[in-house]
Amino acid sequence: MRFLRCVHAEWLLVSSRLTRTRLGLSLLSLGAALLWLHGRGLDPLTVVLQAGALGSIIGASGLAGSEGDRAALTTALTHPTTPLAVATGRWLAMMVPAVVLTIAVAAAIGWQVGMVVSGVVAAAAVGGCALAIVIPLGTGAAWTLFLSIAVAGAIAPERLVALARPGVVRVAAASALELGPALWHYRDIALGNLGAILHALAWTGLGILLASGFVARCR
Amino acid sequence: MTDYALTLCDVTARGLVGVSLALLPGEILGAVGPAGAGKSTLLRIAAGGLRPAAGEARVCGMPVTEPNARRHVGYAGDSPVFPRALTVREVLTYYARLHCASKGERAPVGLVREALELAGLTAAADLRTEALGRADLHRLGLAQAALGGRRVVLLDEMLSGLDAIARRDLRGRIAGLAASGVAVLMTSRDPAALERLAARVLVLRQGRIVRAGPLASLLAERVLEVVLDAPPPEPPPGFRITDAGLEAPLAGRTVESALALCRAHRLAVRASRVRVKSLEEIVLDTHDAR
């Protein structure tokens with residue numbers, strides 16, 4: 001119970017960041033851009049997956065990526081909380097706007113439950129990964145992840161792998177796409193693919209654990 | 001048996017060698033010394049933010065590494081940073097929620113109100129932290145450190161870089177906090193900042209405590225200042241040359257005997273006065289004694 005209450009404390013950041021910083025406007029811009037791309041022919045599942053994944057990266061950047069936020073973790077840890085509670089709370093806090101964006105985009109382009117579940121699960125997995133990246137590396141790393149997910153999420157993995165030089169680079173690219181939280185995995189969630197769900201859950205858990213490790217180092 | 005609020009027993013870490021201290025409830029202990037003396041490291045170990053290589057720190061009898069100990073010890077760093085885009089009240093609410101995480105504990109609203117009053121931030125409660133001046137940031141640091149009825153508060157350079165009025169105000173608030181039974185350990189690069197506040201002082205140099213004791217006894221050392229018509233070619237034994245003439249500690253001798261020594265050296269004494277040593281001079285003495 002104590003852990004959950006500490007997690008809940010992190011939610012206080014969401015509403016103020018959405019209304020007082022660029023976070024809210026960035027999420028609205030992302031939603032508008034994805035709807036525009038849908039109008040230009042981008043398929044609905046990709047749009048919803050991108051909304052979840054990119055929304056959570058923007059959320060991670062807005063809620064934990066700035067130098068001030070990372071420095072403030074030191075002060076937070078002098079209070080009775082734990083690094084795991086901080087990381088879990090931040091992850092949940094950034095998930096809230098990403099999930100709302102996913103649902104709003106799905107509602108705008110034609111509601112399908114499987115599609116929405118895929119988007120939310122993609123948000124959870126990519127969000128975990130993003131949090132583990134922004135806490136040690138900051139907002140710059142979040143934008144690198146944003147661009148890579150945006151590009152890799154819109155192109156078939158086979159085409160991306162084929163772009164790499166044969167040899168070690170191609171093996172590395174294929175491994176990254178296979179092991180990383182690439183969106184092509186999560187397309188199958190809409191079809192009920194258990195492997196894709198487990199992949200996403202693994203990234204969610206791993207991301208939060210890694211993030212809590214980095215939070216602990218802020219002491 | 002004495003119930004110490006904070007004890008450090010033979011603590012050794014990077015930049016700190018075998019430091020031991022004990023702090024009673026309601027006591028204010030000042031740690032002074034030049035940059036790199038180990039003051040901040042000492043506070044971070046006492047706050048549980050840094051594990052010592054050897055030795056142990058305890059708060060209210062508990063090892064500071066225990067999560068429960070953080071309910072009793074608060075820490076304000078020398079460069080206070082708070083989550084951005086939040087108001088002062090929201091920042092304190094965020095921390096207060098962590099203190100009220102167990103069922104049956106006080107509501108965060110009450111803790112926040114108390115902390116705002118303690119730090120004198122009630123008027124600035126709805127200002128965003130980005131809009132705060134240095135003095136108010138330090139007040140917010142004090143408020144969050146004392147939040148939730150902490151029994152030990154660690155303040156790193158809390159009085160540094162402030163104007164005289166803000167410094168006096170904060171000194172009063174820290175003294176009030178100690179009067180309520182909270183033990184305060186604070187550091188300062190500027191020894192003068194602690195002269196009117198700390199009951200006990202320890203001087204650190206290169207990670208070691210080189211002097212320690214009640215402030216009153218440290219400041220009991222008297223110095224004779226002698227103004228001369230012309231600078232002497234060589235000072236009498238025990239004296240040192242200053243801009244105005246000479247000065248010497250009066251340890252174990254009278255003013256008359258010291259002045260007689262000057263006359264014996266055929267020095268034209270224009271005036272003389274006795275003053276007490278400042279804490280800054282004590283720090284400088286320990287530095288020069290290397």
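As the structure is a prediction and not an experimental result, all values here were calculated from the model.

Colleague: Is there a simple way to think about the overall build of chain A in this case?
Modeller: When its secondary structure is counted, chain A shows 12 helices and 0 strands. Written out in order from the N terminus, the α and β elements of chain A read α-α-α-α-α-α-α-α-α-α-α-α. Against the compact-globule benchmark of 17 Å for 219 residues, chain A has a radius of gyration of 17 Å, which places it among compact chains. Taken along the three principal axes of its C-alpha coordinates, chain A extends 50 × 45 × 30 Å. By the burial criterion, 49% of the 219 residues in chain A qualify as buried. Intrachain contacts of chain A at a sequence separation of at least 6 include 82% that bridge at least 24 residues.

Colleague: I keep staring at helix α9 (residues 279–288) of chain B and nothing clicks. Help me out?
Modeller: Since the α-helix advances by 3.6 residues per turn, residues separated by three or four positions end up pointing in the same direction. All names here are of chain B. Taken as a whole, α9 has its buried residues at L279, I282 and V283. Down the axis, α9 shows its buried residues gathered within 100° of arc, on one side only. Against the buried residues of α9 lie β3 (28–32), α6 (192–195), β9 (200–205), β10 (208–214) and α7 (215–218).

Colleague: I would appreciate a short explanation of the sheet that holds strand β11 (residues 222–228) of chain B in the present structure.
Modeller: Sheet strands pair via backbone hydrogen bonds, and the direction of the pair is either parallel or antiparallel. All names here are of chain B. Across the sheet, 4 strands lie side by side as β12-β13-β11-β14; this open sheet has antiparallel pairing. For this open sheet the edge positions go to β12 (240–241) and β14 (269–276), each flanked by a neighbour on one side alone. Of the pairings in the sheet, the one linking β12 to strand β13 (residues 245–249) comprises 2 bridges and is antiparallel in character. Paired with R240 across the two strands is E247, which belongs to β13. Those strands touched by helix α8 (residues 255–264) are β11, β13 and β14, and its axis lies near 145° from that of β14.

Colleague: I would appreciate a short explanation of the sheet that holds strand β1 (residues 6–13) of chain B in the present structure.
Modeller: Residue and element names in this part refer to chain B. Strand order across the open sheet formed by 4 strands is β2-β1-β4-β5, with antiparallel pairing between neighbours. At either margin of the open sheet sits one strand with a lone partner, and together these are β2 (16–23) and β5 (62–63). In this sheet, β2 lies alongside β1 in antiparallel orientation, the contact comprising 5 bridges. When the sheet's bridge partners are listed, V11 is paired in β2 with V19. Packed on one face of the sheet, helix α1 (residues 39–46) meets β1, β2 and β4 (54–59) and runs near 120° to β1.

Colleague: How do you make sense of the environment of V255 of chain B when you look at a structure like this?
Modeller: Along the polypeptide, V255 of chain B turns up in helix α8. A C-alpha to C-alpha distance of 46 Å links V255 of chain B and Y75 of chain B, two positions 180 residues apart in sequence.

Colleague: What should I look at first to understand the confidence of the model for chain B in this one?
Modeller: Note: predicted coordinates in regions of low pLDDT should not be interpreted at a detailed level. Residues and elements named next belong to chain B. Per-residue confidence for chain B gives a mean pLDDT of 88, with 97% of residues at or over 70. Mean pLDDT across the secondary structure elements of chain B bottoms out at α9, with 78, and peaks at strand β7 (residues 152–156), with 96. Confidence estimates for the predicted assembly give a pTM of 0.85 and an ipTM of 0.86.

Colleague: For this particular structure, what's the right way to read the domain arrangement of chain B?
Modeller: Size of an interface: often given as the accessible area lost when the parts come together. All names here are of chain B. Under the domain assignment, chain B is made up of domain 1 (6–81 + 137–216) and domain 2 (222–288). Taken together, the contacts link 12 residues of domain 1 with 7 residues of domain 2. Among the elements of the structure, α6, β9 and β10 are those that each provide at least two residues to the side of domain 1 that touches domain 2. Considered class by class, the residues forming the side of domain 1 that touches domain 2 number 8 nonpolar, 1 polar and 3 charged.

Colleague: For this particular structure, what's the right way to read helix α2 (residues 88–99) of chain B?
Modeller: Taking 1.5 Å per residue as the helical rise, α2 of chain B with its 12 residues ought to reach 16 Å, and the 17 Å between its terminal C-alpha atoms agrees with that figure. α2 of chain B sits mainly inside the fold: 11 of its 12 residues count as buried. For α2 of chain B, the complete set of buried residues consists of V88, R89, E90, V91, L92, Y94, Y95, A96, R97, L98 and H99 of chain B. Packed against the buried residues of α2 of chain B are α1 (2–9) and α2 (12–20) of chain A together with α3 (108–119) and α4 (134–146) of chain B.

Colleague: Would you explain the pairing of strand β8 (residues 183–188) of chain B in this entry?
Modeller: Regular strands place their side chains on alternate faces of the sheet. Residue and element names in this part refer to chain B. β8 sits mainly inside the fold: 6 of its 6 residues count as buried. Side chains A183, L185 and T187 project from β8 onto one buried face, and the interleaved V184, M186 and S188 project onto a second face that is buried too. When β3 meets β8, the two strands line up parallel, connected through 5 bridges. Note on β8: the bridge partner recorded for I28 is V184. Pairing of β7 with β8, which is carried by 5 bridges, proceeds in the parallel orientation. Paired with L155 across the two strands is M186, which belongs to β8. In this fold, β7 hands off to helix α5 (residues 164–179), which returns the chain to β8; that crossover is right-handed.

Colleague: What should I look at first to understand the interface of chain A and chain B in this one?
Modeller: Counting residues at the interface gives 24 residues for chain A, matched by 25 residues for chain B. Taken together, the elements giving at least two residues each to the side of chain A that touches chain B come down to α1, α2 and α5 (67–76) of chain A. If you tally residues by element for the side of chain A that touches chain B, the top one is α5 of chain A, at 6 residues. Broken down by class, the residue content of the side of chain A that touches chain B amounts to 8 nonpolar, 10 polar and 6 charged.

Colleague: When you look at unusual backbone geometry in this model, what are you seeing that I'm missing?
Modeller: Most peptide bonds adopt trans geometry, and most residues besides glycine take a negative phi value. Residues and elements named next belong to chain B. If you check the backbone angles, D10 has positive phi at about 50° while not being a glycine. The residue D10 is located in strand β1 in this model. Overall, D10 belongs to the exposed group, with 12 C-beta atoms counted inside 10 Å. A positive phi angle, close to 50°, is found at C60, a residue other than glycine. Secondary-structure assignment places C60 in the loop between β4 and β5. C60 gets classed as partly exposed once you count the C-beta atoms within 10 Å, which come to 19.

Colleague: Just to check I follow, could you spell out the packing of α1 of chain A against helix α6 (residues 83–109) of chain A for this structure?
Modeller: Each packed pair of helices is defined by two parameters, the angle between the axes and the distance between the axes. Residue and element names in this part refer to chain A. Between α1 and α6, the shortest axis-to-axis distance is 7 Å and the interhelical angle comes to 50°. One way to sum up the angle between α1 and α6 is to call them oblique. In terms of crossing hand, the pair formed by α1 and α6 is right-handed. Facing F3, C6, V7 and A9 of α1, the residues of α6 in contact are A85, T88, G89 and L92. In terms of residue class, the contact of α1 with α6 is made up of 6 nonpolar, 2 polar and no charged.

Rules and cut-offs
- Here the residue numbering is sequential within each chain, running from 1 through the sequence in written order.
- Here the convention is simple: chains get letters from A, ligands get numbers from 1, in the order in which they are written.
- Restriction of local features to residues with pLDDT of at least 70 applies here, the model being predicted, together with a cutoff of 80 or more for giving and counting side-chain atom pairs; totals for whole chains, interfaces and linings are based on all residues.
- Only DSSP runs of H or I reaching four residues or more are called helices, and only runs of E reaching two or more are called strands; each is numbered from the N terminus.
- For a compact globule the rule gives 2.2 Å times the number of residues to the power 0.38, and the radius of gyration it is set against comes from C-alpha atoms.
- Here a residue counts as buried when 20 or more other C-beta atoms sit within 10 Å of its C-beta, as exposed when there are 12 or fewer, and as partly exposed otherwise, the C-beta atoms being derived from the backbone.
- Each residue gets a C-beta atom placed from its backbone, and two residues are in contact if those atoms lie within 7 Å.
- Directions pointing from the helix axis toward each C-beta atom define the arc.
- Strands pair, by our definition, only if DSSP identifies at least two bridges between them.
- Convention adopted: a line fitted to C-alpha atoms gives each axis, helices being fitted over their contacting stretch, and angles between N-to-C directions are expressed from 0 to 180 degrees.
- One confidence number per residue, pLDDT, is output by the predictor and ranges from 0 to 100.
- Start and end points for every domain follow an automatic or database-based domain assignment.
- Under the convention adopted here, Pro, Cys and the residues Ala, Val, Leu, Ile, Met, Phe, Trp and Tyr are nonpolar, Asp, Glu, Lys and Arg are charged, and Gly plus all remaining residues are polar.
- To estimate how far a helix should reach, multiply one less than its number of residues by 1.5 Å.
- Looking down the strands as they point away from you, a crossover is right-handed if its path from the first strand over the helix to the second goes clockwise.
- Small angles under 35 degrees read as roughly parallel and large ones over 145 as roughly antiparallel, with 65 to 115 read as roughly perpendicular and the rest as oblique.
- In this scheme, a crossing is called left-handed if the near helix is turned counterclockwise away from the far one by less than a right angle; it is called right-handed if the turn is clockwise.

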